[in-house]
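# An overview of the molecular structure
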Amino acid sequence: MTAMPDTVPTFWLLAAAIAFLLKHLAADFLLQTDWMARGKEAERGWLAPLAAHVAVHAAITVLIFAVVAPALVWLAAVDFVVHFTIDRTKGILGRKLQLAPSSSGFWWLMGADQTLHHATHLVFVVALAAAKAA
């Protein structure tokens with residue numbers, strides 16, 4: 001991977017940001033099944049639903065990079081690992097702290113989870129725009 005250029009194309013920053021926002025909407029809300037959502041938070045049997053959920057995220061990341069910046073398609077593996085870690089940590093903390101949607105702690109944890117996912121996407125956005133500048 002080359003060094004970060006001094007400037008990156010505004011068009012690609014915006015296009016990538018929109019692509020990753022839509023990717024997150026699709027993978028976290030539209031394509032996440034009840035089995036994934038409940039299963040990934042479970043104390044036991046969480047691995048398959050969590051892996052399926054993050055695989056959806058990684059698959060859409062593959063699609064975005066394959067179309068726009070194929071040399072960066074490997075970032076889908078990073079997406080898989082980071083998303084897996086964030087969601088697993090959220091599940092463990094939510095159970096350990098016994099957080100329910102009626103508690104403010106639940107929403108703090110949900111907000112932290114979503115913020116970390118978007119921060120990950122921001123890195124991908126910059127990488128994609130930088131690749132288009134090269």
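Everything that follows concerns the structure shown earlier in this document.
Now for a look at the structure at hand.

It is worth spelling out the packing of aromatic side chains at this point. Considering all chains together, one arrives at seven aromatic pairs under this definition. Their ring planes at 80° and their centres at 5.0 Å tell us that phenylalanine 11 and tryptophan 12 sit as a pair that is edge-to-face. Classification of phenylalanine 11 by relative accessible area gives exposed; the value is 57%. Classification of tryptophan 12 by relative accessible area gives partly exposed; the value is 25%. Measuring from ring centre to ring centre gives 4.8 Å for phenylalanine 106 and tryptophan 107, while their planes differ by 80°; the resulting arrangement is edge-to-face. In textbook terms, an aromatic cluster arises when at least three aromatic residues are bridged by ring pairs, as seen for Phe20, Phe65 and Phe124.

The terminal C-alpha atoms of helix α4 (residues 75-96) lie 31 Å apart, and with 22 residues this matches the ideal 32 Å at 1.5 Å per residue to within 8%. The set of residues buried in α4 consists of Leu75, Ala76, Asp79, His83, Phe84, Ile86, Asp87, Arg88, Lys90, Gly91 and Gly94. Buried residues belonging to α4 abut α1 (10-30), α3 (47-68) and α5 (104-133). Within two residues after α4, glutamine 98 carries a phi angle of roughly 50°, on the positive side.

The next subject is the side chain of aspartate 113. Structurally, aspartate 113 is set in helix α5. With residues near it in sequence (within four places) discarded, aspartate 113 still touches Ile86, Asp87 and Lys90.

Contact geometry for α3 and α4: axes closest at 8 Å, N-to-C directions at 145°. Of the two possible hands of crossing, α3 and α4 adopt the one that is right-handed. Across the interface between the two elements, Leu47, Leu50, Ala51, His53, Val54, Ala55, His57, Ala58, Thr61, Val62 and Phe65 of α3 pack against Leu75, Ala76, Asp79, Phe80, His83, Phe84, Asp87 and Arg88 of α4. Looking at the contact of α3 with α4 residue by residue, the classes come out as twelve nonpolar, four polar and three charged.

What follows deals with the packing of α1 against α5. Interhelical geometry of α1 versus α5 gives an angle of 145° and a closest axis separation of 9 Å. In this structure, α1 meets α5 at a crossing whose hand is right-handed. On α5, the residues that touch Trp12, Leu13, Ala16, Ala17, Phe20, Leu21, Lys23, His24, Asp28 and Phe29 of α1 are Gln114, His117, His118, His121, Phe124, Val125, Val126, Leu128, Ala129 and Lys132. When the residues that make up the contact of α1 with α5 are grouped by side-chain class, the tally is twelve nonpolar, five polar and three charged.

About the criteria used
- Residues numbered from 1 in each chain as written.
- Predicted model: local features only at pLDDT ≥ 70, side-chain atom pairs only at ≥ 80, totals over all residues.
- Heavy atoms only, no water.
- Phe/Tyr/Trp six-rings, centres within 6.5 Å; stacked < 30°, edge-to-face > 60°.
- Buried < 20%, exposed > 50% of the residue type's maximum accessible area, 1.4 Å probe, protein only.
- Helix = DSSP H or I, 4+ residues; strand = E, 2+ residues; numbered from the N terminus.
- Expected span 1.5 Å × (residues − 1).
- Contact = heavy atoms within 4.5 Å.
- Axes fitted to C-alpha atoms, helices over the stretch in contact; angles between N-to-C directions.
- Left-handed = near helix turned anticlockwise from the far one by under 90°.
- Nonpolar A, V, L, I, M, F, W, Y, C, P; charged D, E, K, R; others polar.

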